[in-house]
Amino acid sequence: MAASTYSPSQGTERRQRQQQMRRLSIQSDWDRSDGRSFIQCRPAFLRTGAANAASGSAYAEFGTTKVIVSVFGPRESKKAMMYSDNGRLNCNVTFTTFATSLRGQGSDNKEYSAMLHKALEGAVILETFPKTTVDVFALVLESGGSDLPVIISCASLALADAGIMMYDLVSSVSVSCIGKNILIDPTNEEEVCQDGSLVLACMPARNEVTQLTLTGEWSLPKINEQAMELCMDACLKLAGIMRSCLKESANLSN
Amino acid sequence: MVGLSEGEKQFLRGGIEQDLRSDGRTRLQFRSVSVETGVIPQANGSARVRLGATEVIASIKAELGKPSLLHPDKGKVSIFVDCSPTAAAIYGGKGGEELSMELSVALERCLLGGKSGAGAAIDLSSLVLVEGKVCWDLYIDALVISSDGNLLDSLAAAIKAALTNTGLPKVNVVLGASPEEQPEVDVSDEEFLQFDTSTVPAIVTLTKVGKHYIVDATSEEESQMNSAVSVSVNRNGQICGLTKRGGAGLDPSVILDMVSVAKHVSQQFISVLDSEIAAAEASDE
C-alpha cells in the first residue's frame, strides 16, 4: 500500500483558514490556535552558552520561533575603519533556508539587521570598548511569528553572556491588531491576517523605549492605553525571565 | 557635510531651545515645499519635490504580472529608494545601501499598512484584473538627488504626488476558453484610470534635540539629534505607521507626546501639500 505523502498546504486550504480567521476576528472573544488568551505570551525557553566558539551566545525558543545568537568581541576593527572613541556594534540577521514554510522566504527580511542594531544601540555602552567592534550574529532556525522581538531579546541575552557592558537588558514584544482585538506575541497564522502591528523594544529598568515600529491604522488612545502599556508590562516580565536565566547559568558555572 | 564646531553646535541647540532655528523657522514649521508632476514621460506617474534644499524624484511604473500564490486577489507594490552619489559622495557604490533600505522599508510600512491590507493607502485589490492570473505590479522608484535632511518626509510627499499623477491604462481582458489558459490582455493606449490619493498619508519626522522636538530638520540639525520619531498620518488623523529612528532610548510618555504633536502638525502639512499637488497637476494640463 502506498504511504500517503505530506505536502505543505498552499492556495485553497490556506485561504480557507484565513477566511475563517477573518470571520472570527469580527467577534470580540475567540480562542487562539494554541489556547492562549489575547494578553498571554508564549512560554519562553532561554539558554545561554549555546555556541562554544563565540564570546557569548544565547538560544531562545518562543513556541515555534527558534533563534540562536552569537556575539564575537570586542575584537579589532578592520584596518580600513577610522579611529573611533566609541566602540562599534555590528549586527547581522540571517534566516536559514528551512526557517519558513516556503524555502528561502526569509531573505525578504533584510531590514532586520538594521532594526536589531537600532534596538541594541541605545543599551550598549559603546565607550567601554573603543577602537574595537562587537559582532552580533543572529540566526533564525525556525520562523514561527513575532521573529524580530525574539531576535532582539535573544541578542541582548547573548551580549550579557559575552560580558559586554550595557545599561540594561533589552526585551522586546510585538502585538498584532486583528479587527478590534489586540493580540500579544502573534504566531505566523495570526500575523498573516493582521490589520496592524506594533513592535516595541525597551529597557524596563530604565523605562526607556529603544525601538518602536507601528504598521497599519491606529488611533492615538489605542496606541497608548491598549498596545503600549501591554507591551511595556510584557517586556518587564520578559526581562525578569532573562535575568533569572543569566543567574542560573552563572550559578551552574560556579 | 563638513563637521560642526563646538560653537556651532551650541548655537544650534540654543536656538532650538528658544524656538528660533538657524534659518528663522520656529520649531514646528516646515520649509517651503514645491511640487512638479509629470517630470518623467516614460513612467506612468512621476513627481519631483523640493523641501528646502532636499530634492527627490519619484516615479511609478505599472507592469502586468501574475499575483502571488499567497494573495491571489491582490496586486503587488514594491517601493525602492536609491540614494544617488550626487546627494553625497559616500552614497556611491555600496555606501548608500543601508540608508536606502531603511527608507524603503519605512515607506513600505506607511503606505502598505498591515499584512491583511487594512489601512493601506493603495488598495491592492483594486490592482487585480483577473483573480489569480493577471494583476498590476506597481514599481515605485524614488531617487534622492540632493539631501539636506528630512529625506523620509520628502520621499513620502513625492510618492503621494506621483500617485496623483499616475494613470493606469485601461485593460480589456479576454478570458481563455478553459480556466487554465492564460487570458489575453489588450492594453489600451487611450483611456487611463486615475488613483484616488485622498487616503495616502504624509510622513512627519520629529527630531528630538535636547528637550525639544523640531519638525523638518536640516542635515546640520539632524547631526545633533538624540533620537527621532517618524509618524505617518493620513487626512482623517489616523496614524498609519510609526518608526523610531536614532539611537538613544525614549521614555514612552515622550513618544506619545511626539505622536500627538506630529498628528497636529501633519494636518497643516497635508493641506499645504495637497494644494501644491493640485496646482502642479493643473499647470501640467
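Per-chain numbering applies: the sequence of each chain, read as written, is numbered from 1 onward. The order in which chains are written sets their letters, starting at A; the order in which ligands are written sets their numbers, starting at 1. The predicted nature of this model means local features are confined to residues of pLDDT at least 70 and side-chain atom pairs, given and counted, to a pLDDT of 80 or more, with totals for whole chains, interfaces and linings taken over all residues. Hydrogens are left out, water is left out, and the side-chain values use all remaining heavy atoms of the structure.

Caption draft 1: Broad picture of the side chain of Thr218(B). Residues and elements named next belong to chain B. For Thr218, the position within the fold is in the loop between β10 (212-215) and α4 (219-223). Only protein chains enter the calculation, and the probe is 1.4 Å; a residue is then buried if its accessible area is under 20% of its type maximum, exposed if over 50%, and partly exposed in between. Residue classification places Thr218 among the buried positions, given a relative accessible area of 13%. Ignoring any residue separated from it by four or fewer positions in sequence, one finds Thr218 in contact with Asp23, Arg25, Arg31, Asp148 and Gly149. The numbering of helices and of strands both runs from the N terminus, where a helix is a DSSP run of H or I of at least 4 residues and a strand a run of E of at least 2. Only heavy atoms enter the contact rule, under which two residues are in contact if any of them lie within 4.5 Å.

Caption draft 2: The arrangement of the interface of chain A and chain B in detail. The interface is formed by 35 residues belonging to chain A together with 35 residues belonging to chain B. Summed over both partners, the interface of chain A with chain B buries about 3,000 Å², with 59% contributed by carbon and sulfur atoms. The salt bridge definition used is simple: a Lys or Arg side-chain nitrogen within 4 Å of an Asp or Glu carboxyl oxygen. Along the contact surface separating chain A from chain B lie 1 salt bridge. Salt-bridge contacts for Glu102(B) lead to Lys118(A); the nearest nitrogen and oxygen are separated by 3.5 Å. Polar contact is defined as a pair of N or O atoms within 3.5 Å, subject to the rule that within protein one atom must be able to donate a hydrogen and the other to accept it, and that residues adjacent in sequence are counted only when both atoms are side-chain atoms. In this assembly, chain A and chain B are joined by 7 residue pairs in polar contact (both at pLDDT 80 or more). Contributing elements (two or more residues each) for the side of chain A that touches chain B: α1 (12-26), α2 (112-121), α4 (188-192), β9 (208-218) and α5 (220-253) of chain A. Per-element accounting of the side of chain A that touches chain B gives the leading share, 11 residues, to β9(A). Here the residues of the side of chain A that touches chain B sort into 11 nonpolar, 13 polar and 11 charged. Bridge analysis of β9(A) against strand β12 (residues 239-245) of chain B gives 4 bridges, and the strand direction is antiparallel. Directly across from Thr213(A), in β12(B), lies its bridge partner Thr243(B). Two parts lose some accessible area (1.4 Å probe) when they are put together, and adding that loss for both gives the buried area. Residue classes follow a fixed rule: Ala, Val, Leu, Ile, Met, Phe, Trp, Tyr, Cys and Pro count as nonpolar, while Asp, Glu, Lys and Arg count as charged, and any other residue, Gly among them, counts as polar. One requirement defines pairing of two strands: DSSP has to find at least two bridges between them.

Caption draft 3: Highlighting the packing of aromatic side chains. All names here are of chain A. Think of it this way: a Phe, Tyr or Trp ring, Trp meaning its six-membered ring, pairs with another when their centres are within 6.5 Å, and the plane angle makes it stacked under 30 degrees, edge-to-face over 60, tilted otherwise. Taken as a whole and judged by the stated rule, the model has 4 aromatic pairs over all chains. Aromatic pair Phe95 and Tyr112: ring centres 5.9 Å apart, planes at 45°, arrangement tilted. With Phe95 in strand β4 (residues 88-95) and Tyr112 in helix α2, this pair connects stretches of sequence that are 17 residues apart. Should the NZ of a Lys or the CZ of an Arg lie within 6 Å of a ring centre and within 35 degrees of the ring normal, that charge is described as sitting over the ring. Positioned above the aromatic ring of Tyr167 is the side chain of Arg206, whose terminal nitrogen or guanidinium carbon lies 4.4 Å from the ring centre.

Caption draft 4: Inspection of the pairing of strand β2 (residues 45-51) of chain B at higher detail. All names here are of chain B. Extensive coverage of β2 is indicated by the burial of 5 of its 7 residues. Here 5 bridges tie strand β1 (residues 33-37) to β2, and the two strands are oriented antiparallel to one another. By the bridge assignment, Glu36 is partnered in β2 with Arg48.

Caption draft 5: Structural detail: the confidence of the model for chain A. pLDDT runs from 0 to 100 and stands for how confident the predictor is about each residue. Chain-level statistics for chain A give a pLDDT mean of 85 and a share of 86% at 70 or above. Mean pLDDT per element in chain A: α1(A) is the minimum at 64, and helix α3 (residues 147-162) of chain A is the maximum at 95.

Caption draft 6: Just the confidence of the model for chain B, in detail. The predicted model of chain B averages 85 in pLDDT, with 94% of residues at 70 or higher. As a predicted assembly, this complex carries a pTM of 0.86 together with an ipTM value of 0.82.

Caption draft 7: Fine view of α2(A). Within α2(A), 7 of the 10 residues are buried, leaving the element largely enclosed by the surrounding structure. For α2(A), the full list of buried residues reads Tyr112(A), Ser113(A), Met115(A), Leu116(A), Lys118(A), Ala119(A) and Leu120(A).

Caption draft 8: Structural view of the pattern of salt bridges. Residues and elements named next belong to chain B. Applying the stated rule across the entire model yields 21 salt bridges over all chains. A salt bridge links Asp148 to Arg31; the nearest nitrogen and oxygen atoms lie 3.5 Å apart. Placement of Asp148 in the loop between β6 (134-146) and α3 (151-165) and of Arg31 in the loop between α1 (6-17) and β1 is noted, with a sequence separation of 117 residues between them. We classify Asp148 as partly exposed; its relative accessible area is 21%. Connected through salt bridges with shared partners, the residues Asp23, Arg25, Arg31, Asp148 and Asp216 form a single ionic network.

Caption draft 9: View of the state of the cysteines. The criterion for a disulfide is a pair of cysteine sulfur atoms lying within 2.5 Å. Counted under the stated rule, the structure contains 0 disulfides over all chains. Note on Cys41(A): no disulfide assigned, nearest cysteine sulfur contributed by Cys231(A) at a separation of 8.5 Å. Cys240(B) supplies the cysteine sulfur nearest to Cys110(B), a cysteine that is in no disulfide, at a spacing of 7.7 Å. The class of Cys110(B) is buried, set by a relative accessible area of 3%.

Caption draft 10: Region of the structure containing the sheet that holds strand β6 (residues 171-178) of chain A. The 8 strands lie next to each other as β7(A)-β6(A)-β8(A)-β9(A)-β12(B)-β11(B)-β9(B)-β10(B), forming an open sheet whose pairing is antiparallel. Both outer strands of the open sheet, β7 (181-184) of chain A together with β10 of chain B, are each paired with one neighbouring strand and no more. Between one strand and the next, the sheet's axes are offset by a mean angle of 20°, whatever the strand orientation. Strand direction decides the pairing type here: strand β9 (residues 202-209) of chain B and strand β11 (residues 227-233) of chain B, joined by 7 bridges, are antiparallel. Looking across to β11(B), one finds that Thr207(B) is bridged to Ala228(B). Its contacts with the sheet put α3(B) on β9, β11 and β12 of chain B, and the angle it makes with β9(B) is roughly 170°. Here an angle of 0 to 180 degrees is reported between the N-to-C directions of two axes, which are lines fitted to C-alpha atoms, with helices fitted over the stretch in contact. Here helix α5 (residues 252-284) of chain B sits on the sheet and contacts β9 of chain A together with β9, β10, β11 and β12 of chain B; the angle it forms with β9(B), its principal contact strand, is near 135°.

Caption draft 11: Highlighting the sheet that holds strand β1 (residues 44-48) of chain A. All names here are of chain A. Taking strand neighbours across the sheet as the criterion, the 5 strands line up as β1-β2-β3-β5-β4 in an open arrangement whose pairing is mixed. Both outer strands of the open sheet, β1 and β4, are each paired with one neighbouring strand and no more. Along the sheet, successive strands turn relative to each other by an average axial angle of 15°, direction set aside. In this sheet, strand β5 (residues 132-142) lies alongside β4 in parallel orientation, the contact comprising 8 bridges. Residue pairing for β5: Asn90 is matched across the bridge by Asp135. Sitting on the sheet, α2 touches β4 and β5, and the angle it makes with β4 is about 140°.

Caption draft 12: Quick peek at the packing of α2(A) against α3(A). Residues and elements named next belong to chain A. Where α2 meets α3, the closest approach of the two axes is 10 Å, and the angle between their N-to-C directions is 50°. Between α2 and α3, the crossing angle belongs to the class labelled oblique. Along this stretch, α2 crosses α3, giving a crossing that reads as right-handed. Between α2 and α3, the contacting residues are Tyr112, Met115, Leu116, Ala119 and Leu120 on the first element and Asp147, Leu148, Ile151, Ile152, Ala155, Ser156 and Leu159 on the second. Working rule for angles: under 35 degrees goes down as roughly parallel, over 145 as roughly antiparallel, 65 to 115 as roughly perpendicular, anything else as oblique. Note on convention: the crossing is left-handed when the near helix lies turned anticlockwise from the far helix by less than a right angle, right-handed when the turn is clockwise.

Caption draft 13: Fine view of the environment of Ala227(A). Among the secondary structure elements, Ala227(A) is positioned in helix α5. Distance from Ala227(A) to Ser174(A), taken between C-alpha atoms, is 9.1 Å for residues 53 residues apart in sequence.

Caption draft 14: Here's a closer look at the side chain of Arg245(B). Along the chain, the position of Arg245(B) falls in strand β12. At 3.2 Å, the side chain of Arg245(B) and the side chain of Ser230(B) are in polar contact. Sequence-distant contacts of Arg245(B), that is, excluding residues within four places in its chain, are made with Lys118(A), Glu102(B), Leu103(B), Leu152(B), Thr205(B), Ser227(B), Ala228(B) and Ser230(B).

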